[in-house]
Amino acid sequence: MLRVAVVGSGPSGVYTAQSLVEQSAVPGVHVHVLDRLPCPYGLVRYGVAPDHEKIKSLQNNLRAVLEHERVSFVGGVEVGKGALTPARLLGLYHAVVYCVGAAKDRRLGIPGEELAGSCSATDFVSWYSAHPDAASNGFALGARSAVVVGVGNVAVDVARILARGAQELLPTDVPQAALGALAGSQVREVHMVGRRGPSQARFTTKELRELGSLPDADATVDGPELALDPAFADPSGLLAVNRRNVAVLREWAQAPPPQGHSRSIRLRFFLRPVEVLGDGGRVSGVRFERTVPDGHGGVRPTGGYEDIEAQLVLRAVGYRGAPPAGLPFDPASGTVPHEAGRMLREGAQAPGEYVAGWIKRGPTGVIGTNRPCAKETVASLLADASFLVQRRPADDPLDAMRKLGLRPVEWPGWLAIEAAEADLGISLGRRSVKIPDWAGLLGAAYGDTSLQHP
Ligand code: NAP
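In this report, the structure presented in the accompanying data block is examined. Chains are numbered independently. Their residues run from 1 in the order of the written sequence. Side-chain atom pairs in this predicted model are given and counted only at pLDDT of 80 or more, local residue features only at pLDDT of at least 70, and totals for whole chains, interfaces and linings cover all residues. Based on all heavy atoms of the structure, the side-chain values leave hydrogens and waters out of the count.

## Considerations on the pairing of strand β17 (residues 342-345)
Condition: Here, any two strands with at least 2 DSSP bridges between them count as paired. Secondary structure elements are defined from DSSP: runs of H or I of at least 4 residues count as helices, runs of E of at least 2 residues count as strands, and each element is numbered from the N terminus.
Summarising the sheet, strand β16 (residues 338-339) and β17 pair through 2 bridges and their orientation is antiparallel. Residue pairing for β17: Glu 339 is matched across the bridge by Arg 342. Counting the residues between successive antiparallel strands, the hairpin from β16 to β17 contains 2 residues, one of them, Ala 340, with a positive phi of roughly 50°. As defined by bridge partners, β17 adjoins strand β18 (residues 348-355) across 3 bridges and the pair is classed as antiparallel. The partner of Leu 344 across the bridge, within β18, is Gln 349. The turn joining β17 and β18, which pair antiparallel and follow one another in sequence, is formed by 2 residues; a positive phi near 50° is taken by Glu 346.

## Topic: the packing of helix α18 (residues 411-427) against helix α19 (residues 438-446)
Stated precisely, the cut-off is as follows: Only C-alpha atoms enter the line fits that serve as axes; for helices the fit covers just the stretch in contact. Angles between N-to-C directions range over 0 to 180 degrees. Relative orientations are named as follows: roughly parallel for angles under 35 degrees, roughly antiparallel for angles over 145 degrees, roughly perpendicular for angles from 65 to 115 degrees, and oblique for any other angle. Left-handed describes a crossing in which the near helix is turned anticlockwise from the far one by less than a right angle; the clockwise case is right-handed. What makes two residues a contact is simply this: any of their non-hydrogen atoms within 4.5 Å.
Orientation of α18 relative to α19, taken along the N-to-C sense of each, is 120°, at an axis distance of 7 Å. Relative to α19, the element α18 is oriented oblique. As α18 runs across α19, the sense of the crossing is right-handed. In contact with Gly 413, Ala 416, Ile 417, Ala 420 and Glu 421 of α18, α19 contributes Leu 441, Ala 444 and Ala 445.

## Looking at the environment of Glu 114
This is how the line gets drawn: Each residue is assigned to one of three classes by its accessible area relative to the maximum for its type, calculated with a 1.4 Å probe on protein chains only: buried under 20%, partly exposed between the two thresholds, exposed over 50%. Polar contacts, as used here, are pairs of N or O atoms within 3.5 Å; protein pairs need one atom able to donate a hydrogen and one able to accept it. Residues neighboring in sequence count only if both atoms are side-chain atoms.
With respect to the helices, strands and loops of the structure, Glu 114 is situated in the loop between β5 (104-105) and β6 (118-120). Look at Glu 114 and you get exposed, because its relative accessible area is 64%. Taking C-alpha positions, Glu 114 is 9.3 Å from Gly 281, a pair spaced 167 residues apart along the chain. A distance of 2.5 Å separates a polar atom in the side chain of Glu 114 from a polar atom in the side chain of Arg 107.

## Section: the sheet that holds β6
Taking strand neighbours across the sheet as the criterion, the 6 strands line up as β6-β14-β7-β8-β10-β9 in an open arrangement whose pairing is parallel. Because the sheet does not close on itself, it has two edges, and the strands there are β6 and β9 (217-221). Along the sheet, successive strands turn relative to each other by an average axial angle of 20°, direction set aside. The strands touched by helix α6 (residues 121-128) within the sheet are β6 and β14 (312-315), with β6 carrying the most contacts at an inclination of about 70°. Contacts from helix α13 (residues 240-254) reach β9 and β10 (263-268), with the element oriented near 100° to β9.

## Quick notes on the sheet that holds strand β3 (residues 71-74)
In sheet architecture, strand pairing relies on hydrogen bonds along the backbone and comes in two forms, parallel and antiparallel. Pairing is mixed across the open sheet formed by 7 strands, whose spatial order is β3-β2-β1-β4-β18-β17-β16. This sheet does not close on itself; its edge strands, each paired only once, are β3 and β16. Set on the sheet, helix α15 (residues 370-383) makes contact with β1 (3-7), β4 (95-98), β17 and β18; between it and β18 the angle comes to about 125°.

## Section: the nonpolar core
Stated formally: Here, nonpolar core refers to any group of buried Ala, Val, Leu, Ile, Met, Phe, Trp, Tyr and Cys residues whose side-chain atoms link them within 4.5 Å.
In this structure, Phe 124, Tyr 128, Met 192 and Leu 267 are the most contacted members of the largest nonpolar core, which totals 53 residues. The biggest single contributor to this core is helix α7 (residues 153-163), with 7 residues. Formed by 44 residues, the second largest nonpolar core is a distinct cluster that contains Val 14, Tyr 41, Val 71 and Phe 73.

## Notes on the site of the ligand
So the rule is basically this: If even one non-hydrogen atom of a residue comes within 4 Å of a molecule or strand, that residue is called near it. Note on areas: Shrake-Rupley with a 1.4 Å probe; residue coverage comes only from the protein chains shown. When residues are grouped by polarity, Ala, Val, Leu, Ile, Met, Phe, Trp, Tyr, Cys and Pro land in nonpolar, Asp, Glu, Lys and Arg in charged, and all others, Gly among them, in polar. Where each domain starts and ends follows an automatic or database-derived domain assignment.
Contacts to the ligand come from 23 residues, most closely from Val 151, Val 154, Arg 195, Arg 196 and Gly 365. For the ligand, an oxygen atom lies 2.8 Å from a polar atom in the side chain of Arg 196. Between Glu 207 and the ligand, the recorded distance is 3.1 Å, taken from a side-chain N or O atom to a nitrogen atom. Its free accessible area being 910 Å², the ligand has 86% of it covered by the protein chains. No other element matches α7, which puts 3 residues into the shell around the ligand. Within the shell around the ligand, the residues separate by chemical class into 11 nonpolar, 6 polar and 6 charged. Each of two domains, domain 1 (3-103 + 321-409) and domain 2 (105-319), supplies a minimum of three residues to the shell around the ligand.

Read these as spatial facts, not as claims about activity.
What follows is the structure, encoded as structure tokens:
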């Protein structure tokens with residue numbers, strides 16, 4: 001029997017567990033899926049926007065894996081913090097697979113980025129997703145105009161949430177405080193700005209289209225700006241997703257989606273942010289330098305500038321892997337070095353240690369991209385099985401963790417959180433509503449309301 005710990009219960013961790021228990025080459029593999037949070041599902045719970053019900057429903061598939069007879073969820077344990085070092089964890093299992101994602105956001109590195117009102121989109125996402133580590137209500141929703149820097153799917157998510165009325169979010173599981181703050185939002189204009197052209201935007205077409213069909217927001221594009229992009233006139237050489245994006249934007253330029261709503265989302269291109277402008281310590285706008293295509297997929301500066309007025313700036317320029325305590329890390333790529341998922345320490349394979357997901361390949365791709373990524377890692381692990389079974393793990397890893405002072409949240413604890421969130425929803429006259437703080441989550445998980453985060 002092979003006992004494996006998977007660290008991280010987001011899609012890459014759960015797909016890794018699934019690949020391990022659904023294969024037949026090495027029968028009887030048992031998996032513990034660990035998470036520092038008492039809740040499973042990673043970015044599906046704490047990243048997918050609350051109004052994306054269909055993607056959220058992926059939780060049901062992930063749940064089925066975590067309920068498999070040879071898989072156990074072990075929440076509330078943080079590897080690399082306190083006594084549970086990676087070395088100690090490896091002593092408890094035959095193998096460990098790290099699926100810890102990319103925990104940080106990228107910075108713009110321009111003056112004014114730290115001004116009040118300038119935030120990372122990932123912090124905003126964490127807040128409306130009820131992540132227990134999220135900053136509470138610090139977002140400048142009194143702003144009339146917001147700039148979202150970046151044209152990826154996170155930029156689309158935050159632009160859409162800003163442009164939706166609270167009524168539209170009421171049927172979702174968005175936490176009550178965030179719903180109240182969004183209900184009071186004064187934001188009327190959202191400018192979503194890309195430094196390159198429309199044919200290089202990173203959003204996917206379904207997400208783009210959705211911006212054109214919001215109940216109370218206009219979506220607009222700037223025709224001459226689109227025309228600057230040579231691939232816009234002839235998209236035949238583009239990847240399918242970029243071709244589809246161009247087709248939608250061309251439609252919008254020719255026949256804009258219905259207008260006259262109370263909010264607007266304006267898509268802008270060929271504008272490179274050079275400074276977040278301030279007034280009295282608060283954001284007052286963003287200065288952009290106009291760019292033009294350089295003929296090789298990039299852009300070159302023109303020396304011409306444009307200021308967009310804004311009192312709220314969200315930078316949505318990508319996630320970045322954070323160095324996991326006790327693991328090797330390549331700061332340039334923000335990933336843990338590996339070979340086909342086998343972790344490399346100082347260039348040599350680290351026996352028994354593996355990686356999958358964003359910490360292995362960087363923060364790219366959609367949720368499904370994690371499946372083949374997990375499979376590759378699991379194939380490597382299984383190929384090493386005859387060596388791994390010679391290791392001597394602890395008889396009862398959870399018992400060993402408790403002896404280290406940890407208090408794991410097992411599946412019934414998570415079910416208790418789910419039940420508490422359903423009750424909270426009923427008490428508020430809403431559907432299930434997420435609990436946004438450690439005390440509430442752990443109190444529900446342990447059945448003890450006096451608890452705080454350890
Ligand atoms: P992303 O797809 O990498 O997009 C980042 C955007 O930021 C790009 O437009 C990029 O422009 C721009 N950017 C980067 N550095 C910049 C700078 N210094 N100045 C100005 N712009 C800059 O990242 P993301 O939106 O965070 O998404 C991360 C991953 O999660 C993606 O794979 C995404 O598809 C996925 N995701 C999916 C969904 C969904 O399926 N609904 C939702 C959310 C996230 P360049 O292209 O010029 O670098």
